[in-house]
Amino acid sequence: MSLRFEHYTHYQDLPEMWNQLLPANHALHSSLIAHTQEANCENLNYYYVLTLENNQLVMLSYFQCLNIKTSHFNCKDNAFQQLTLQTIIHTVKPSLLVAGNLFRHDTSFFYFGEHVPYENRAEIYLKTIDYVVAACKPTGVFVKDLPITLAKFVTEASTYTRMENDISMYLNLPAHWSNINDYEKELKRKYAQRYKKVRKQSDKLTVRELTKAEIEANKEVIYALYRQVSDKQLVSMGKLSVDFFATLKDKLGDSYRVFAWYDQSEMLAFSSVILHDDIYDMNYIGFDYDRNQEYSLYFAILLHCVEQSIARSCTKLILGRTALEAKAIVGCKAEYMNGFYKMRNPLINKVFQIISKRFQHQLGESWKERHPFKTTYKQTVDPLELVYIEQ
């Protein structure tokens, strides 16, 4: 297989054939892929890659290269680890190549021409990644959210390691649920009491969807609430910018919704969601931690997602990778994602293992599968999506 590559570092420089290969409104279209770069998210470089075989375009792919900073980690409770981390990052100046998009998981950020045989696609993608690695020379590589059809080939590539417990929480929505009351009726007594308590606390607030102009006008407040959440996470690979939410709304239009919770005129929380393929996909949230207990803000956000996803007749709700216990209480199940990594620097690999163990301990000890529904809750998820490929 003889492949040739072309890459660009800015979406405005992409040639016409980039969009010509894509279906209408595909996430890789130059008018849509621009949002992260336009929002000026810190410490990121971009690679837009065209892969050609015999001078015929066979694949488009999108990569982000993140310059790792100490602000991406929260080890303040362990002074020694924090100091060690700061010293290593200052000395090595590590970077992480992301095959995909750090800030979105609602779609794949690569596309093959329809004429490309399925049995060749994994090899083409891996060779494209190798090309970008040679171009930007990162310390590590993260291949994000692969479909099962490609994941099995990456698993067989000995240079990559599968991410352990890379879990996203989801809730399949039965067709007979027409509103939030149907959800409440199926909750067991303990969970129904929790639901009523959360609603009683959060009903003191006003929640409404923000227009594009309101997102722009309130971007500083939204960003501050987002940082309250992201700064408490053990690992936060990449930080959004203050313009991220308004830029994404501008690009995605009605497919991107932002809701805000108000105590009179004061915004206390927000949630953002991407709508796609009959799926309600929670993107980023933020809330005032000092007021969280008073109004049960986090659970209010989760239940609002349940309510809105039912109201919009969605078939699936995705609540993402963090706070697994809270999402299990709401009724979500775990879906194992197909993420892979490799570290090209032994010292950084050692640091990664330490951070990963802390993260896995924090994740594994604090949550378990819950069964909040009274009746047999029939999950209709495609079993292919839940296959865990053994290494």
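Rules behind the numbers
Residues numbered from 1 in each chain as written. Predicted model: local features only at pLDDT ≥ 70, side-chain atom pairs only at ≥ 80, totals over all residues. Heavy atoms only, no water. Helix = DSSP H or I, 4+ residues; strand = E, 2+ residues; numbered from the N terminus. Rg over C-alpha atoms; globule rule 2.2 N^0.38 Å. Buried < 20%, exposed > 50% of the residue type's maximum accessible area, 1.4 Å probe, protein only. Contact = heavy atoms within 4.5 Å. Areas by Shrake-Rupley, 256 points an atom, 1.4 Å probe, with all protein chains shown as cover. Lys, Arg positive; Asp, Glu negative; His and termini not counted. Charge placed at Lys NZ, Arg CZ, Asp CG, Glu CD. Pairing = 2+ DSSP bridges. Axes fitted to C-alpha atoms, helices over the stretch in contact; angles between N-to-C directions. pLDDT = per-residue confidence, 0-100. Core = buried A, V, L, I, M, F, W, Y, C linked by side-chain atoms within 4.5 Å. Expected span 1.5 Å × (residues − 1). Phe/Tyr/Trp six-rings, centres within 6.5 Å; stacked < 30°, edge-to-face > 60°. Lys NZ or Arg CZ within 6 Å of the ring centre and 35° of its normal.

A. Structural view of the overall build of the chain. Looking only at helices and strands, one finds 15 helices and 15 strands in the chain. For a compact globule of 391 residues, the expected C-alpha radius of gyration is about 21 Å, and the chain comes in at 21 Å, within 12% of that figure. Split into buried and exposed, the 391 residues of the chain put 53% on the buried side. If you take every contact in the chain between residues at least 6 apart in sequence, the share linking residues at least 24 apart comes to 76%. Element-wise, carbon and sulfur atoms account for 49% of the exposed surface of the chain, whose accessible area totals about 18600 Å². Charge centroids of the chain, computed over 45 positive and 44 negative side chains, lie 6 Å from each other.

B. Fine view of the side chain of Asn283. For Asn283, the location among the structural elements is in strand S12 (residues 279-287). For Asn283, a relative accessible area of 14% gives the class buried. Not counting residues within four places of it along the chain, the set of residues in contact with Asn283 comprises Phe103, Arg104, Phe244, Leu248, Tyr256, Ser272, Val273 and Ile274.

C. Molecular detail of the sheet that holds strand S11 (residues 266-276). Here we have 7 strands laid out as an open sheet, ordered S9-S10-S11-S12-S13-S8-S14, and mixed in their pairing. Each end of this open sheet is capped by a strand with a single partner; those strands are strand S9 (206-209) and strand S14 (333-336). In this sheet, adjacent strand axes meet at a mean angle of 30° when their direction is disregarded. Against the sheet, helix H10 (residues 219-230) engages S11 and S12, with an angle of about 90° to S12. Sheet contacts for helix H13 (residues 297-311): strand S8 (167-172), S9, strand S10 (256-263), S11, S12 and strand S13 (316-320); angle to S12, the most-contacted strand, approximately 160°.

D. Structural context of the confidence of the model for the chain. Averaged over the chain, the pLDDT score is 88; the fraction of residues at 70 or greater is 91%. Under a pLDDT of 50 for its full length, residues 379-391 has, in the predicted model, 29 contacts with residues more than four places off or in other chains.

E. Inspection of the nonpolar core at higher detail. In terms of nonpolar packing, the biggest core is built from 51 residues, with Leu28, Phe244 and Phe245 touching the most fellow members. In this view, Phe245 contacts Ile215, Ile222, Tyr226, Leu240, Tyr256, Phe270, Ser272 and Tyr284; residues no more than four positions away in its chain are not counted.

F. Expanded view of unusual backbone geometry. Notably, Asn54 is not glycine yet its phi reads approximately 55°, a positive angle. With respect to the helices, strands and loops of the structure, Asn54 is situated in the loop between strand S2 (44-53) and strand S3 (56-67). The exposure class assigned to Asn54 is exposed, which follows from its relative accessible area of 66%. Despite not being glycine, Lys137 shows a phi value in the positive range, around 50°. Within the secondary structure layout, Lys137 lies in the loop between helix H5 (118-136) and strand S6 (140-143).

G. Helix H8 (residues 189-202), seen in detail. Helix length check: H8, at 14 residues, gives a terminal C-alpha distance of 20 Å against a target of 20 Å (1.5 Å per residue), a fit within 8%. Every buried residue of H8 is listed here: Tyr191, Ala192, Tyr195, Val198, Gln201 and Ser202.

H. Up close: the pairing of S11. Taken across its 11 residues, S11 has 10 buried, putting it largely inside the fold. As paired strands, S10 and S11 are joined by 8 bridges and run antiparallel to one another. Bridge pairing in S11 places Ala260 opposite Phe270. Linking S10 back to S11 in an antiparallel pair, the connection comprises 2 residues, with Gln264 at a positive phi of about 60°. Alignment of S11 against S12, held across 7 bridges, turns out to be antiparallel. By the bridge assignment, His276 is partnered in S12 with Ile279. Connecting S11 to the antiparallel partner S12 that follows it, the hairpin turn spans 2 residues, and Asp277 within it adopts a positive phi of roughly 50°.

I. Representation of the pairing of strand S15 (residues 340-343) in the model. The pairing of S6 with S15 spans 4 bridges and is antiparallel. Bridge assignment links Phe142 to a residue of S15, and that residue is Tyr341. Bridging between strand S7 (residues 161-162) and S15 involves 2 bridges; their strand directions are antiparallel. By the bridge assignment, Thr161 is partnered in S15 with Tyr341.

J. Seen up close, the packing of aromatic side chains. Using the criterion set out here, one finds 21 aromatic pairs in the structure. For the ring pair Tyr183 and Tyr195, a centre distance of 6.1 Å and an interplane angle of 65° mean the geometry is edge-to-face. Of this pair, Tyr183 sits in helix H7 (residues 180-185) while Tyr195 sits in helix H8; the two residues are 12 residues apart in sequence, bridging distant segments of the chain. The residues Tyr183 and Tyr195 share a single accessibility class, namely buried. Above the ring of Tyr118, the side-chain terminus of Arg121 is found at 4.1 Å from the ring centroid.

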